[in-house]
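Topology and contacts: notes
Take a look at the letters that make up each chain.
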Amino acid sequence: MLSRKVPLAAIGEDRAVLPTFAARGMTEPVPRYELPDRPMDGDVAYLAIHHELALDGNPLLNLATFVTTWMDEHADRLMAESVNKNAIDWDEYPQTVELQDRCVNMLSRLYHAEEHHSTVGTATVGSSEAIHLAGLAMKVRWRNAARDAGRTPGTPNLVMGANVQVVWEKFARYFDVEPRYVPMTEDRFVIGVDEAMARVDENTIGVVGILGSTYTGEYEPIAELDAALDSVCTERGIDVPIHVDAASGGFVAPFLQPELAWDFRLPRVRSINVSGHKYGLVYPGIGWILWREEEDLPEELVFKVDYLGGSHATFGLNFSRGASQIVAQYYNFLRLGREGYREIMAALAETAGWLRRRLADTGHFTVIGGDDLPVVCLRLAGEEPFDVFDLSETLRTRGWVVPAYRMAPDAEHVAVLRIVVREGLSRDMAEELATDVDRAVERLRRGPHASLDGGSPAGSAIGRRAGRARSSRGAKPAPTAGGKTRSPC
Ligand SMILES: Cc1ncc(COP(=O)(O)O)c(C=O)c1O
């Protein structure tokens, strides 16, 4: 989120955060956008901030995010104990480095790196940093291969579905790579294999396969991409690697779909990213990037740093970052093991399956995107006097955050609601959610001033809030600068 400097002259009274009760300790206005002149009592400052943050949504009801909102108390304790450690201080905190090494090893084996593979990888701030690193490695590898073949490289391009998460657009723009998007269709919301191959040429640095589309939760056909790229290699002499964006699916597929070959079992898969803070079940922000073999990560991208004591190899966009997420990831690996992750993912899939059936049975919705991830993606089944954006807003009045958005180009006319089932959404809560969806549909059918519980429209707080929300919502999500509409994640 980019924050802007606000001109003080324009905001008048809003210059100050006015006293609330804050343990009756706040007696004077506190400047909002200027550093206060004087210190404040710690208890008062704490309470003022604590109460202000009550205006945020409730993380447990935030069904928009894939990111972890609950960890157990042992994890909380370990994170608190390591919150003052910088993960980059290798010499000072060698045991944290050891935990990262163990995590990279465990993940490489989870993703079927063979013992003879010289797999390398690192923790990152999230999948976004991991994806920038993966993209850079693909770009430099492609450039080096062109040089070795005596070819003058043209403009590098990257082939991917139009359903990629915004980070891939960022990578292309920040690092001067031409994005070649495969458009969606009325009934295909993931990459089309033939369409992807038609976009591949000698300047293609890689093809992206998504294991768990942000839009629908669907897995892309990565084995088919692998086979099709083999044919491209045989027929056209172009050798293109695959990067798998397993931000969400990387901690789901190994446990729920273990037979599905999407990882290092496929020869063209040279790198994989996964978000530890999504179904890896760690608080934000942690991601992982793995390269199948050391040679998949060009050595000119790796920096040797010795001013922290010792000499260490680093490849990352950040230097300093917290160590506590790495510790928490390792805790989850020990605490849960394969069996624990499998049980949790199976429970989430069960809740997601129940919600899909329950909501589809109302006749109001059509489920799209299948059941690869524990994600429920719905479009309206028929003509209604409201749309999914209205529904999303109405659910908000009960605290549920269920985003509505349009599909990627060329399927923008399809608008959906998405519910991400995570640990913390019990079956009980899922039942409450389904009941609130029923009520919201009924309320919207009755018109904008009806209340959710069917009571007096004018007198009900929910009715008033819903009415305000409707009038203040403004336009539906607008296309981004590039003309693509974006899911909110
Ligand atoms: C498929 C996909 N890739 C990348 C990302 C970015 O991940 P992160 O939030 O870990 O940076 C997301 C986030 O939702 C995603 O769904």
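Residues numbered from 1 in each chain as written. Predicted model: local features only at pLDDT ≥ 70, side-chain atom pairs only at ≥ 80, totals over all residues.

A few words on the overall build of the protein. When helices and strands are counted, the protein shows 12 helices and 15 strands. A separation threshold of at least 6 residues defines the contact pool for the protein, and within that pool the share at least 24 residues apart is 68%. (Helix = DSSP H or I, 4+ residues; strand = E, 2+ residues; numbered from the N terminus. Contact = placed C-beta atoms within 7 Å.)

Attention shifts here to the packing of helix α2 (residues 73–82) against helix α9 (residues 324–361). A pair of packed helices can be characterised by two numbers: the angle between their axes and the separation between those axes. Two elements in contact, α2 and α9, have axes separated by 8 Å at closest approach and are oriented at 150°. One way to sum up the angle between α2 and α9 is to call them roughly antiparallel. In terms of crossing hand, the pair formed by α2 and α9 is right-handed. Counting all contacts with α2, which are made through H74, A75, L78, M79 and S82, the residues of α9 involved are S324, V327, A328 and Y331. (Axes fitted to C-alpha atoms, helices over the stretch in contact; angles between N-to-C directions. Parallel < 35°, antiparallel > 145°, perpendicular 65-115°, else oblique. Left-handed = near helix turned anticlockwise from the far one by under 90°.)

This part covers the site of the ligand. Taken together, 15 residues lie near the ligand, and G126, S127, S128, T214 and A247 sit nearest. For the shell around the ligand, a count of residues per class yields five nonpolar, nine polar and one charged. (Near = placed C-beta within 6 Å. Nonpolar A, V, L, I, M, F, W, Y, C, P; charged D, E, K, R; others polar.)

Our next topic: the confidence of the model for the protein. Across the protein, the average pLDDT comes to 89, with 89% of residues at or above 70. Every residue in residues 454–489 is under pLDDT 50, and counting partners more than four places away or in other chains gives 51 contacts. (pLDDT = per-residue confidence, 0-100.)

Attention now goes to the sheet that holds strand β15 (residues 415–420). Pairing is antiparallel across the open sheet formed by four strands, whose spatial order is β12-β13-β15-β14. Of all strands in the sheet, those bounded by a partner on one side alone are β12 (365–368) and β14 (404–406). For this sheet, the mean angle separating the axes of adjacent strands, direction not counted, is 40°. Bridge count for β14 against β15 is three bridges, and the pairing is antiparallel. Its bridge partner being in β15, A404 is matched across the sheet by L417. Relative to strand β13 (residues 375–380), α9 is tilted by about 15°, and along the sheet it contacts β12, β13 and β15. (Pairing = 2+ DSSP bridges.)

All right, on to unusual backbone geometry then. Geometrically, the link from P284 to G285 is a cis peptide bond, its omega value of 0° lying close to zero. For G285, the location among the structural elements is in the loop between β8 (269–275) and β9 (287–291). Between P409 and D410 the backbone carries a cis peptide bond, its omega angle lying at 0°. Checked against the element boundaries, D410 lands in the loop between β14 and β15. With a phi close to 55°, D176 is a non-glycine residue in the positive phi region. Residue position: D176 is located in the loop between α5 (166–174) and β5 (178–182).

Residues A196, V207, I326, M345 and V421 are the most contacted members of the largest nonpolar core, which totals 121 residues. A total of 14 residues in this core trace back to one element, the largest contributor, which is α9. For this core, the domains that each give at least three residues are domain 2 (77–332) and domain 3 (338–473). With residues up to four places along the chain from it excluded, the contact list for I326 reads A87, T96, L99, Q100, C103, A123 and I286. (Core = buried A, V, L, I, M, F, W, Y, C linked by C-beta atoms within 7 Å. Buried ≥ 20, exposed ≤ 12 C-beta atoms within 10 Å, placed from the backbone. Domains from an automatic or database assignment.)

All right, on to the packing of helix α4 (residues 127–148) against α5 then. The N-to-C vectors of α4 and α5 enclose an angle of 40°; their axes lie 10 Å apart at closest approach. By the criterion of interaxial angle, the relationship of α4 to α5 is oblique. Read as a crossing pair, α4 and α5 show a hand that is right-handed. Counted together, S128, I131, H132 and G135 of α4 and V167, W168 and F171 of α5 form the full contact between these two elements. Class assignment of the residues belonging to the contact of α4 with α5 gives a composition of four nonpolar, three polar and no charged.

For the rest of this paragraph, the subject is helix α10 (residues 388–396). Along an α-helix, residues three or four apart share an orientation, since each turn contains 3.6 residues. Counting buried positions over the nine residues of α10 gives seven, a clear majority of the element. When we look at burial in α10, the residues that qualify are V388, D390, L391, S392, E393, T394 and L395.

On the basis of which strands lie adjacent, the open sheet formed by seven strands has the order β3-β9-β8-β7-β6-β4-β5 and mixed pairing. A strand with exactly one partner marks an edge of an open sheet, and here the two such strands are β3 (120–124) and β5. The average angle at which neighbouring strand axes cross in this sheet is 20°, direction not considered. In the sheet, β3 pairs with β9 via five bridges, with the strands oriented antiparallel. Looking at the pairing, T122 lines up with I289 of β9.

A few words now on the pairing of strand β7 (residues 242–245). Taking every second residue as pointing to the same face, both faces of β7 are buried, with I242 and V244 on one and H243 and D245 on the other. As for the winding sense of the linkage, the β-α-β connection from strand β6 (residues 204–210) through helix α7 (residues 222–236) to β7 is right-handed. (Right-handed = clockwise from strand over helix to strand, strands pointing away.)

Looking now at the environment of P153. Within the secondary structure, P153 is located in the loop between α4 and β4 (157–161). Distance from P153 to N203, taken between C-alpha atoms, is 6.9 Å for residues 50 residues apart in sequence. In this view, P153 contacts R143, A146 and N203; residues no more than four positions away in its chain are not counted.

On to the environment of P183, then. Locating P183 in the fold gives a position in the loop between β5 and α6 (193–199). Using a count of 15 C-beta atoms within 10 Å as the deciding quantity, one classes P183 as partly exposed. Discounting chain neighbours no more than four positions away, the residues touching P183 are A162, P409 and D410.

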